[in-house]
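# Structural overview
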Amino acid sequence: MGFCCGIVGLPNVGKSTIFNALTAAGAEVASYRFCTIEPNVGIVPVPDSRLEAIAQRVHPKKVIHTTLEFIDIAGLVKGASQGEGLGNQFLDHIRNVDAIAHTVRCFRNENVSHDFGSLDPIRDIEVINTELILSDLQTLERRMERVERLHKVGIREGALENEIYKEIQSTLNQGKRAGSLRFKEEREAILSDLHLLTAKPVFYLANVDQKVLQGEGTCSKALKEWVIQEGSKMVVICGDLEAEIAEIKEEEREEFRRELGLEGSSLDRLIRVGYEILNLVTFYTTVSSELRAWTVPKGTSAPKAAGKIHSDMERGFIRAEVLSFSDFLACGSEHVAREKGLLRSEGKDYRVSDGDIIHFRFNV
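Described in the following lines is the structure provided in the data block. The residue numbering used here restarts from 1 in each chain and proceeds along that chain's sequence as written. In view of the model being predicted, local features appear only for residues whose pLDDT reaches at least 70, and side-chain atom pairs are presented and counted only at 80 or more, with totals across whole chains, interfaces and linings using the full set of residues. Just so you know, side-chain values use all the structure's heavy atoms and leave hydrogens and water out.

## Digging into the overall build of the chain
- On a plain count of helices and strands, the chain comes out with 14 helices and 12 strands.
- Counting only residues that meet the buried cut, the chain has 49% of its 364 residues in that class.
- Here a residue-residue contact requires only that any non-hydrogen atoms of the pair lie within 4.5 Å. A fraction of 69% describes how many contacts in the chain between residues 6 or more apart in sequence connect residues 24 or more apart.
- In these tables, accessible area is a Shrake-Rupley quantity obtained with a 1.4 Å probe, and a residue counts as shielded only by the protein chains included in the view. When the accessible area of the chain is evaluated, it comes to approximately 18,500 Å², of which 47% is carbon and sulfur surface. A helix here means a DSSP run of H or I that spans at least four residues, while a strand means a run of E at least two residues long, and both kinds are numbered starting from the N terminus. To sort residues, take the accessible area from a 1.4 Å probe on protein chains only and compare it with the maximum for the residue type: under 20% means buried, over 50% means exposed, and anything in between is partly exposed.

Here it is as C-alpha cells:
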C-alpha cells in the first residue's frame, strides 16, 4: 500500500462527498451532523504512468498498482477531545492513518448548514487543531503519570522519556503541533511511540465552489496564505464537481476536465502531495509474469525494500540488481540495458531511489 490518508474536518465541509468522488466507495452523504459515525474506508490504485510505460514494454500478464487507502472520519466539533459529538471515538480513528487530509469548507450553500453559521477557514482549522492538541495533551499526561508512579516505587526508568514528554507538552501548550518538533534517533522513536495526532503529517483540502475553482475566491485565498505561512501544502478541490466527474465514463473524464480547463485529476494532485509530505518513493519489480509497484519511505535500504515483498527476502538478502526507469525507457528493455552495463548490482547499503526497477537475489 502507498499510504493511508484520513479525511478530517468539521461537519458539513464535504468530506464524504470528496471521499465518494475519489474512491467511488458509496459512503453516505447528507447535510446533518454525524452522518458518518463508523469511518468509511476506500482503497484506490495509485495512477502511475511509469508503471504503464514498463507494462507496454515487458507485456506482463498481471499489473499491480500500489494503493492509497482513504478513511472518511466523522466530523469533529468543538469539545471533541472531551467527548462532545462522540469526539473521543472519532479522534481514535485518526491514530492509525499515515497522513491527515484536513478538509476546509470554502463554498457557500444555504442548503448545507455550517457549525458556526459563516465561512472562516482559519477559525475552522483552529477549532480542529485545538481538539487534536487537547487530545494529545491527555495522552502525554497519562504517560507522564505512569513514569511518576514508577519513580515513586523506586524504579528510575523513563527519565529520557519524561524529558521528551515535557518538551512536547510545552510545544502543545503553545498551540503548536507535535510534528513541528525535530528529534534524532532515540528521541524520535519516543515521539513516534506516543502516536500523537498532531505528530502526523497534514495537508489541507480546500473544498471550493465550482465557479472559483479555476480562479481564486476570497475564502480559498485566505486559506492559501495561512497554509503557506504554516509551511504546509494545500490541494484545491470542488467536491460536487468531482462527484459529477466520478459519474462519467472513465475514458471521457479527461476530455471533460480539459473542457473545464482543469489540469489533471484531484486524486493525482492529492497523491503527489501525500507522497511529498511523507517522503515516499516507488520502485518496481517484475517477477514471473507479474509487474508490480511498491511504495517505501525515501532512504529505505535494499534489504528493507525486499522485506516489503516478503520477510524471507530481507532475511536472505544477497544483492539487488537495479535499473533506473530512465535507463530502462532509453534502452527499451532490460536485456539492452544489461548489455550496455546499466543494470547495477547493489548491496545491503544501497538506498532505493524513486523509479528503480529491482530484481532481488536472496537465499531461502
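## Details of the side chain of serine 266
- If you trace the backbone, serine 266 turns up in helix H10 (residues 266-278).
- Relative accessible area serves as the criterion here: at 2%, serine 266 is assigned to the buried category.

## Considerations on the nonpolar core
- Among the nonpolar cores identified, the biggest contains 34 residues, and Ile94, Leu132, Tyr204, Leu223 and Leu241 are the most heavily contacted of them.
- Breaking this core down by element, the ones donating at least two residues are strand E1 (3-8), helix H3 (87-94), strand E5 (99-106), helix H4 (121-152), strand E6 (202-208), helix H7 (218-230) and helix H8 (239-246).
- Ignoring sequence-local partners within four residues, the contact set of leucine 132 consists of Leu76, Leu91, Ile94, Arg177, Leu197 and Thr198. Buried residues of nine kinds, namely Ala, Val, Leu, Ile, Met, Phe, Trp, Tyr and Cys, make up a nonpolar core once their side-chain atoms join them within 4.5 Å.

## Some thoughts on the environment of leucine 270
- On the secondary structure map, leucine 270 appears in helix H10.
- On the basis of relative accessibility, which here comes to 2%, the residue leucine 270 falls in the buried class.
- Once the C-alpha coordinates of leucine 270 and alanine 101 are considered, the two residues, 169 residues apart in sequence, prove to be 8.8 Å apart.
- Leaving out residues up to four positions away in the same chain, leucine 270 has contacts with Leu22, Leu68, Phe70, Phe203, Leu205 and Val235.

## Describing the packing of helix H1 (residues 15-23) against H8
- Only the stretch in contact is used when fitting a helix axis, every axis being a line fitted to C-alpha atoms; angles between N-to-C directions are given from 0 to 180 degrees. Where H1 contacts H8, the two axes come as close as 8 Å, and the packing angle between them is 30 degrees. Judged on the interaxial angle alone, H8 and H1 are roughly parallel. Viewed along their axes, H1 and H8 form a crossing whose handedness is left-handed. From H1, Thr17, Ile18 and Ala21 reach across to H8, where they touch Gly239, Asp240, Glu242, Ala243 and Ala246. By the definition adopted for this analysis, an angle is roughly parallel if under 35 degrees, roughly antiparallel if over 145, roughly perpendicular if from 65 to 115, and oblique otherwise. In this scheme, a crossing is called left-handed if the near helix is turned counterclockwise away from the far one by less than a right angle; it is called right-handed if the turn is clockwise.

## Structural notes on the packing of aromatic side chains
- The rule is short: rings of Phe, Tyr and Trp, with Trp giving its six-membered ring, pair when the centres are within 6.5 Å, and they are stacked under 30 degrees, edge-to-face over 60, tilted in between. As enumerated under the stated definition, the model contains five aromatic pairs in all.
- For the ring pair tyrosine 204 and tryptophan 226, a centre distance of 5.6 Å and an interplane angle of 90 degrees mean the geometry is edge-to-face. Residue tyrosine 204 is located in strand E6, and its partner tryptophan 226 is located in helix H7; the two are separated by 22 residues in the primary sequence. Just as tyrosine 204 is buried, tryptophan 226 falls in that class too.
- Ring geometry for phenylalanine 283 versus tryptophan 294: centroids 6.4 Å apart, planes at 15 degrees, classification stacked. Residue phenylalanine 283 is located in strand E8 (residues 280-287), and its partner tryptophan 294 is located in strand E9 (residues 290-297); the two are separated by 11 residues in the primary sequence.
- By relative accessible area, phenylalanine 283 is classed as buried at 0%.
- You can call tryptophan 294 buried: its relative accessible area is 10%.

## Overview of the sheet that holds strand E2 (residues 40-45)
- A strand pair is defined by DSSP finding two or more bridges across the two strands. Read across the open sheet, the six strands follow the order E2-E4-E1-E5-E6-E7; overall the sheet is mixed. With one partner strand each, in any of the chains shown, E2 and strand E7 (234-237) form the two edges of the open sheet. Shown here is a sheet whose adjacent strand axes are inclined to one another by a mean of 25 degrees, direction ignored.
- Across seven bridges, the pairing between E5 and E6 is parallel. In the sheet register, histidine 102 faces E6, and the bridge partner there is tyrosine 204.
- Packed onto the sheet, H4 meets E5 and E6 and runs at close to 145 degrees relative to E5.
- Against the sheet, H10 contacts E1, E2, strand E4 (67-72), E5, E6 and E7, and its axis sits at roughly 170 degrees relative to E7.

## Things to note about the pattern of salt bridges
- Put simply, a salt bridge is a Lys or Arg side-chain nitrogen that is within 4 Å of an Asp or Glu carboxyl oxygen. In the structure shown here, the tally under the stated rule is 14 salt bridges.
- Across the pair glutamate 255 and arginine 258 runs a salt bridge, and its minimum N-O distance is 2.7 Å. On the criterion of helical spacing, the pair formed by glutamate 255 and arginine 258 is a turn pair, its members being three residues apart in helix H9 (residues 250-260).
- We classify glutamate 255 as partly exposed; its relative accessible area is 38%.
- When the shortest N-O distance is used, the salt bridge between glutamate 314 and lysine 304 registers 3.3 Å. With glutamate 314 in helix H12 (residues 311-315) and lysine 304 in helix H11 (residues 302-309), this pair connects stretches of sequence that are 10 residues apart.
- Residues joined in a network through salt bridges with shared partners are Arg319, Glu321, Arg338 and Arg361.

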